[in-house]
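Close look at the chain arrangement
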Amino acid sequence: MILRGTVRADRPLVVLAVEEEALHLPSELPVLLTGMGKVNAASAVAAVLAAGPRPLLVLNLGTAGALRPGWTGIHEIATVLQHDLDTALLRTLTGQTYGAPLTLAVAGAVLATGDTFVADDDARERLAQRADLVDMEGYAVAWAASQAGVPCRLVKQVSDEAGEGAARTWRESVDACARDLADWAGHHLG
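In short, a report on the structure. (Residues numbered from 1 in each chain as written. Predicted model: local features only at pLDDT ≥ 70, side-chain atom pairs only at ≥ 80, totals over all residues. Heavy atoms only, no water.)

1. As for the side chain of His-75
Put simply, the rule is: Each helix is a run of DSSP H or I of at least 4 residues and each strand a run of E of at least 2, with the numbering of both proceeding from the N terminus. In this scheme, a residue with accessible area under 20% of its type's maximum is buried, one over 50% is exposed, and one in between is partly exposed, where area comes from a 1.4 Å probe on protein chains only. Under this definition, polar contacts are N or O atom pairs within 3.5 Å; protein pairs additionally need one hydrogen-donor-capable and one acceptor-capable atom, and for neighbouring residues in sequence, both atoms have to be side-chain atoms. Only heavy atoms matter for contacts: two residues are in contact if any of them lie within 4.5 Å across the pair.
Within the fold, His-75 resides in strand E5 (residues 74-82). The class for His-75 is buried, based on a relative accessible area of 18%. Here the side chain of His-75 touches Thr-72 through a polar contact of 2.7 Å, landing on its backbone oxygen. Among residues more than four places away in sequence, those in contact with His-75 are Ala-109, Leu-133, Leu-154, Val-155, Lys-156 and Val-158.

2. What about helix H2 (residues 38-51)?
Going by this rule: Under the convention used throughout, the expected extent of a helix is 1.5 Å for every residue step, that is, one less than its residue count.
Taking 1.5 Å of rise per residue, the 14 residues of H2 would be expected to cover 20 Å, and the 20 Å separating its terminal C-alpha atoms lies within 8% of that figure. Among the residues of H2, Lys-38, Ala-41, Ala-42, Ala-44, Val-45, Val-48 and Leu-49 are the ones counted as buried. Just downstream of H2 lies Gly-52, where phi reads positive at about 70°.

3. A short note on the pairing of strand E4 (residues 57-66)
Operational definition: Strands were regarded as paired on the criterion that DSSP finds at least two bridges between them.
A large share of E4 lies buried, amounting to 10 of its 10 residues. In terms of strand pairing, strand E2 (residues 12-16) meets E4 through four bridges, oriented parallel. Paired with Pro-12 across the two strands is Leu-57, which belongs to E4. Relative to strand E9 (residues 152-160), E4 is paired through eight bridges, and the arrangement is parallel. If you follow Gly-62 over to E9, its bridge partner there is Lys-156. Relative to strand E8 (residues 133-135), E4 is paired through two bridges, and the arrangement is antiparallel.

4. Digging into helix H4 (residues 121-128)
The test is simple: The arc in question is the one traced by the directions running from the helix axis out to the C-beta atoms.
Among all positions in H4, only Ala-123, Arg-124, Leu-127 and Ala-128 are buried. End-on view of H4: buried residues confined to an arc of 135°, all on one side of the axis. Facing away from the buried side of H4 by over 90 degrees, the exposed positions are Asp-122 and Arg-126. In this structure, the buried side of H4 is in contact with E4, strand E7 (109-113) and E8. Put simply, Asp-120 is the residue that caps the front of H4, since its side-chain oxygen is 3.1 Å from the backbone nitrogen of Asp-122.

5. Considering the state of the cysteines
Short version of the rule: Note that a disulfide, as used here, is simply two cysteine sulfur atoms within 2.5 Å.
Following the criterion strictly, the structure yields zero disulfides and no others. With no disulfide of its own, Cys-152 lies closest to Cys-177 among cysteine sulfurs, the gap being 20 Å.

Here it is in structure tokens:
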């Protein structure tokens, strides 16, 4: 976990997984780099929010794989779910709901979060039945923010098609994605 800048109650906290995604962000923004995966993301966000002050908003920017043909560009997330947690089975076993989908906005894409970099055509097809995009941190960031009572937005730039060759495509496109995300932040965060 790396926190750059100072968290303030009148500014958003920008959360990304890795430095490659944050390279071109305006220097005046407080930026939290969590590391990849749900555990890193949830624990980093929770630690920063617990230490205070709490930011105006937690804004998770990052890259995501497209689960459907033709999906490109930047998408705000309306709903985020965990694709690697069997919520229905856990409810059957315990009577409790763990990891239910989170609604963040009225309109936008559905994001599936899991601790797997999806680079397999079969996995992509299965996930496309439930979501538009896939990442490794979004749900965890949104969950940690909601537990702290801090509003959260997820904004994802498509970096690859979440199938064969996705890892190579991500490496080739991450800098352009980081520039697009920085442009988006510059236009939407003043």
